[in-house]
Each structure stands twice: as C-alpha cells, then as structure tokens.
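Reading the structure
Here's the letter readout for the chains.
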Amino acid sequence: MSLDFKVADLSLAEFGRKEIRLAEHEMPGLMATRAEYGASQPLKGAKIMGSLHMTVQTAVLIETLVALGAEVRWVSCNIFSTQDHAAAAVVVGPNGTPDDPQGVPVYAWKGETLEEYWWCTEQALTWPGGEGPNMILDDGGDATMLVHKGVEFEKAGTVPSPTDDDSEEYQVFLRLLQKSLAADPQKWTRIAERIKGVTEETTTGVHRLYEMQRDGRLLFPAINVNDSVTKSKFDNKYGIRHSLPDGIMRGTDVLIGGKVAVVCGYGDVGKGSAEALRGQGARVIVTEVDPINALQAAMDGFQVTVLEDVVETADIFITTTGNFNIITADHMARMKHQAIVGNVGHFDNEIDMAGLAKTPGIVRTEIKPQVHEWRFPDGHTIIVLSEGRLLNLGNATGHPSFVMSNSFTNQVIAQIELFTKTAEYPTDVYVLPKILDEKVARLHLDALGVKLTELTKEQAAYIGVDVAGPYKPDHYRY
Ligand code: NAI
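Below you will find a few notes about this structure. (Residues numbered from 1 in each chain as written. Predicted model: local features only at pLDDT ≥ 70, side-chain atom pairs only at ≥ 80, totals over all residues. Heavy atoms only, no water.)

What follows concerns the overall build of the protein. When helices and strands are counted, the protein shows 20 helices and 15 strands. For 478 residues, the compact-globule estimate of 2.2 N^0.38 gives 23 Å, and the C-alpha radius of gyration of the protein, at 23 Å, lies within 12% of that figure. Going through the 478 residues of the protein one by one, you find that 56% of them count as buried. Carbon and sulfur atoms make up 53% of the accessible area of the protein, which amounts to about 20700 Å² in all. Taking the average location of the 44 positive side-chain charges in the protein and that of its 64 negative ones, the two points are 3 Å from each other. (Helix = DSSP H or I, 4+ residues; strand = E, 2+ residues; numbered from the N terminus. Rg over C-alpha atoms; globule rule 2.2 N^0.38 Å. Buried < 20%, exposed > 50% of the residue type's maximum accessible area, 1.4 Å probe, protein only. Areas by Shrake-Rupley, 256 points an atom, 1.4 Å probe, with all protein chains shown as cover. Lys, Arg positive; Asp, Glu negative; His and termini not counted. Charge placed at Lys NZ, Arg CZ, Asp CG, Glu CD.)

Dropping the structure here:
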C-alpha cells in the first residue's frame, strides 16, 4: 500500500505508539465506542477529512474512526499544536513500520508556516485521484471555511486580491484559492456537493457555522459538538484547568503562586483558567463584557475589573474570549518588565501580534521555540507564548486524554449520526440529543469509581422523567 502523507519524522512512531497505548486506557468513551460499533462498521464508506490538533489523544480518535470503517485523512488546525510522534504513529499505523507505513495519511508537523498550514489542509481535503471527503470533522472551522470560500469564489469566477488590511493568514488563504481556481475552476463546488456534513469541535467554529446558517450560506448540515454538555462543560473548563498552567510552566518556569494573573473572558475556558491560576496561588483578576459572566466571576471570588486598570501591575495575562483585539500593542507597551502574555482562545488575534511587531524600535528575541521576549525601546520586555496562538497546545500538549475522551466520543457519535442518518438532518446546525450526551458521561463514570443513584419508578414519575433518562430538559444549564 502506498500512503501519501507529510509529517516531521516517521522514526518517532514507536514513541508515539507507546503514548497512544497509554492514552487508550485513559479514553474509555472512545474504547467503548470501538467495542459497541466495531462489528457493525457504521462508518463504512465514510471518507472523513479531519482538521483537529494532531495530538496523542487525536490519534486515538482517528483510530476509532478507522475501527468503525471510515477512511480518514488528517491535518492539525493550528501550526504549533502537532505532536510529531503522534503524527508519525498514526501514519505508520498499529501494524506498519516506518519503512512500510500502513496507517492514515496525515499532513501535520509542529511549527508549520501559514503557507504550509493551508497546503496541508488542501492535501487532506483531496483524496488521491482528486476526489474529496464525504464528511468533515473540524475544529475551529478552517476546513469548512476553505470549502465554503472555495465554492463562493468559484461561483463568482474570481478570488479577491489580498490587501494589506487582511491578516497575514487570510492573505495566504486567498493566494491558495487563487491558485486552486486557476488550476481547477470547479474543484470546491465538486467537493462540497459530496459532503454529507461536518461535526465541529469548538466554540469559535460553531460561531462561524451559526453565522453561515443565519446568512443562508451553509452548504451542508453540521453538528455542533462543542455544545454537548459533556464537551464544553468538561473539555473547555477542566481541560484548560490542566493544560493552561502546564503551558505557562513549560514555557516560562515562572512561579505562578503570588503573582497577579488576569484572565480575559469568564466563559467555560475562562472559568477553567481562573480556577487553575488560583489553584497555583495566583491572585486572579477577571475581565468580562457580559454582566452574567461578570457576576459569576465576582461570586466565585474573583476581582472583576477592566484591563486598563491592571495592565501596568499584573504579571500574567491570559485571553480566553474567542474575540479579537483583547490585548492591544498599546496594552503590551504599558505592561511591567517580563510580564507573561498568552492566549488560549482559538485564534491568534486576541492578542494584537501584528500591532506588536509594528511597534517602532521593538526587538524580538527567541528564548526557545514558542517563547519570545519582546523588548520595547524603553528597555522593558514582555514574554509572549506561542506567538499569541493557543499556548496550552503550543507550549504544552493540550488537554489530557480523559477529558478529550468525552469530547471525542461526542465527535464519533456525531459522525455516525450525520453519516448514517443524512436524510434526518437537512442543512442546519444541530446539537446531539441529550440522551446521547448522558451516554457519553455514563461511559466515563466507571473509570473514576463513580456510583450512580438510580431513580425509582415513583421518583421518575414525580419529577417527570424516564428512569433511563434524559434527566433534564434541553434548557437546563448545568
Ligand atoms: P464562551 O463564549 O463560553 O466564553 C467567552 C467569554 O468571553 C464570554 O463570556 C464573553 O462574554 C467573553 N468576552 C467576549 N469579548 C470579551 C472582551 N472584549 N473582554 C472580556 N471578555 C469578553 O467561549 P469558551 O467556550 O470559553 O471558548 C473561548 C475560546 O476558547 C473560543 O475561541 C474557543 O474556541 C476556545 N477554546 C480553546 C480551547 C483550548 O484548548 N485552548 C478549548 C476549548 C475552547
């Protein structure tokens, strides 16, 4: 079998395989899904293109999709988030060798350029022979956007020329589509027609999907995996509670205890971030725009104020908003010497890195990959992690297996739903039914020694639910 792929180094596969083996034990939801559906092969015929951080945990997801019958091609959704040994192990596969790889085509390595990033995404969307996938599994919506923008520009017969106002990333993206349109003016239209649906992992990607749906631009159905309770209330919160301090520590080795840390945004990711930093002994300050989240932060015991009030005195600044221009170049110029600045929201525009780079007289020094010191003309410096991109994946290894098992079990169930029941999902954005959400949680209880209380029939009737669930109405917020 000849496999097309591009990863850093296939000789890392053995190390990757060992870590995948350990991760499998920590991912009971995914392993139970393999046991439940392995024989019936519900994903047979599915050609799944995945764009999601190529980590050890994602390797277990990929191999679960394959175990259920799917053909898979994969990329990372971030230039810094690939774990090269995981990528190598997935390409080699459980039964292959580096000389005879038999796994899944992966196009991902840690430290891609933007050009390489979009090239990889296009490669994963293009099966040998030019055919596209019939399913997308997305994180942040870049693969979905490439297909949608490709179709839009093919319809228009032209791709707009990049301008200086466009972000560097969007300029690269437009250039890729210009080339693709010149080579094959119907490529994305053909690919889009075949796609049965997309399952989307994160808040930012879901936001893009609802926008497209609202504007009548969505081309195929989507399942919003993020808003399964067992995803956003677990991965976004408890995942970041683990991987944020991990990233700060591996990046800087600075003692967090006693420092003043500012967390911008108190949504699910912000809540996990603030709790983690407080757990390390930091004095945590929160900024918010939403009065409900601000009140929550205050009642959780955090000072809530505006960035301007603390920008000159705090030591650590973390953005978690999914919004842009949260920390500006002017803010960074006013920070104290060696303040640490990092982002865990999906895109790198929460911190104005472009503005920082344009500051007259600024000097950037690489301390090590993904850790940079920026010296202002007055001599003071700040430390920026992962160049403003997701620092928990750039400086550390992302969320740990157990929490990702929850997220990824939702992903697998969502893929099966859309692929096998396509007719039941006209083009729209859906969330999984609550009973499946509860099933995902159930699959993770034994591993933690949790004993569930069972409702009696009378109790179930009294609160108006079935003994077997679902236990809550859809509007319940957890
Ligand atoms: P969320 O919507 O629950 O929280 C975002 C919060 O930021 C909201 O409460 C909002 O009011 C607040 N906000 C918006 N603009 C603000 C501003 N200018 N100043 C202060 N606060 C502001 O979203 P969630 O689920 O917490 O996700 C946040 C981001 O993190 C998204 O981009 C998501 O895709 C990403 N994410 C990252 C993960 C990681 O591993 N690093 C994991 C999961 C999600």
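Scanning the model with the defined rule gives 25 salt bridges in all. Between Arg214 and Asp215 there is a salt bridge, and its shortest N-O distance comes to 3.0 Å. Here Asp215 and Arg217 are joined by a salt bridge, their closest N and O atoms 3.5 Å apart. The exposure class assigned to Asp215 is partly exposed, which follows from its relative accessible area of 39%. Residue Arg217 is classed as partly exposed on the basis of its relative accessible area, which comes to 35%. Linked through salt bridges whose partners overlap, the residues forming this network are Lys47, Glu131 and Arg194. (Salt bridge = Lys/Arg side-chain N within 4 Å of Asp/Glu carboxyl O.)

Quick look at the site of the ligand now. The ligand sits among 26 residues. The nearest are Thr202, Thr203, Thr204, Val269 and Glu288. Separating an oxygen atom of the ligand from a side-chain N or O atom of Asn236 is a distance of 2.9 Å. Coverage of the ligand by the protein amounts to 83% of the 870 Å² it exposes when considered alone. Contributions of two or more residues to the shell around the ligand are made by helix 9 (203-214), helix 11 (235-252) and helix 12 (268-279). In terms of residues, the shell around the ligand owes the most to one element, helix 11, which gives three residues. (Near = heavy atom within 4 Å. Polar contact = N/O pair within 3.5 Å; in protein donor to acceptor, adjacent residues only side chain to side chain.)

Before going further, it helps to examine the environment of Leu418. Inspection of the secondary structure puts Leu418 in helix 18 (residues 401-420). Placed 196 residues apart in sequence, Leu418 and Ala222 show a C-alpha to C-alpha distance of 8.0 Å. Beyond its immediate chain neighbours, meaning those up to four positions away, Leu418 contacts Met135, Gly197, Val198, Thr199, Pro221, Ala222, Ile223 and Tyr425. (Contact = heavy atoms within 4.5 Å.)

A few words on unusual backbone geometry. Note that the residue after Gly469, namely Pro470, is joined by a cis bond; omega there is 0°. Although it is not a glycine, Gln370 adopts a positive phi angle of roughly 70°. Tracing the sequence through the fold places Gln370 in the loop between strand 12 (363-368) and strand 13 (371-375). Judged by its relative accessible area of 10%, Gln370 is buried.

Looking now at the sheet that holds strand 6 (residues 222-224). Read from one edge to the other, the open sheet built from seven strands follows the order 3-2-1-4-5-6-15, with strand pairing classed as parallel. Both edges of this open sheet fall to strand 3 (106-107) and strand 15 (429-430), since each of them pairs with a single strand only. Across two bridges, strand 6 lies against strand 15 in parallel orientation. Note that in strand 15 the partner of Ile223 across the bridge is Tyr430. Docked against the sheet, helix 5 (residues 114-124) engages strand 1 (47-51), strand 2 (71-75) and strand 3, running at close to 175° with respect to strand 2. With respect to the sheet, helix 6 (residues 142-156) is in contact with strand 1, strand 4 (135-138) and strand 5 (197-200), its orientation differing from that of strand 4 by roughly 130°. (Pairing = 2+ DSSP bridges. Axes fitted to C-alpha atoms, helices over the stretch in contact; angles between N-to-C directions.)

Two numbers describe how helix 1 (residues 13-25) lies on helix 3 (residues 56-67): the axes approach to 9 Å, and their chain directions differ by 75°. In terms of orientation, helix 1 lies roughly perpendicular with respect to helix 3. Between helix 1 and helix 3, the contacting residues are Arg17, Glu19, Ile20, Ala23 and Glu24 on the first element and Val56, Ala59, Val60 and Glu63 on the second. Of the residues contributing to the contact of helix 1 with helix 3, the split by class is five nonpolar, no polar and four charged. (Parallel < 35°, antiparallel > 145°, perpendicular 65-115°, else oblique. Nonpolar A, V, L, I, M, F, W, Y, C, P; charged D, E, K, R; others polar.)

Another point: the pairing of strand 4. Both faces of strand 4 are covered, namely the face carrying Met135 and Leu137 and the face carrying Ile136 and Asp138. Note that strand 4 and strand 5 share four bridges and pair parallel. Each residue of the ladder has a partner; that of Met135, found in strand 5, is Gly197.

What follows concerns the sheet that holds strand 13. Strand order across the open sheet formed by eight strands is 9-8-7-10-11-14-13-12, with mixed pairing between neighbours. Both outer strands of the open sheet, strand 9 (303-304) and strand 12, are each paired with one neighbouring strand and no more. Pairing analysis gives three bridges linking strand 11 (residues 339-343) to strand 14 (residues 381-385), with the strands arranged parallel. Its bridge partner lying in strand 14, Ile340 is registered against Ile383. Together, strand 10 (316-319), strand 11, strand 12, strand 13 and strand 14 form the strand contacts of helix 11, whose direction differs from that of strand 14 by roughly 125°.

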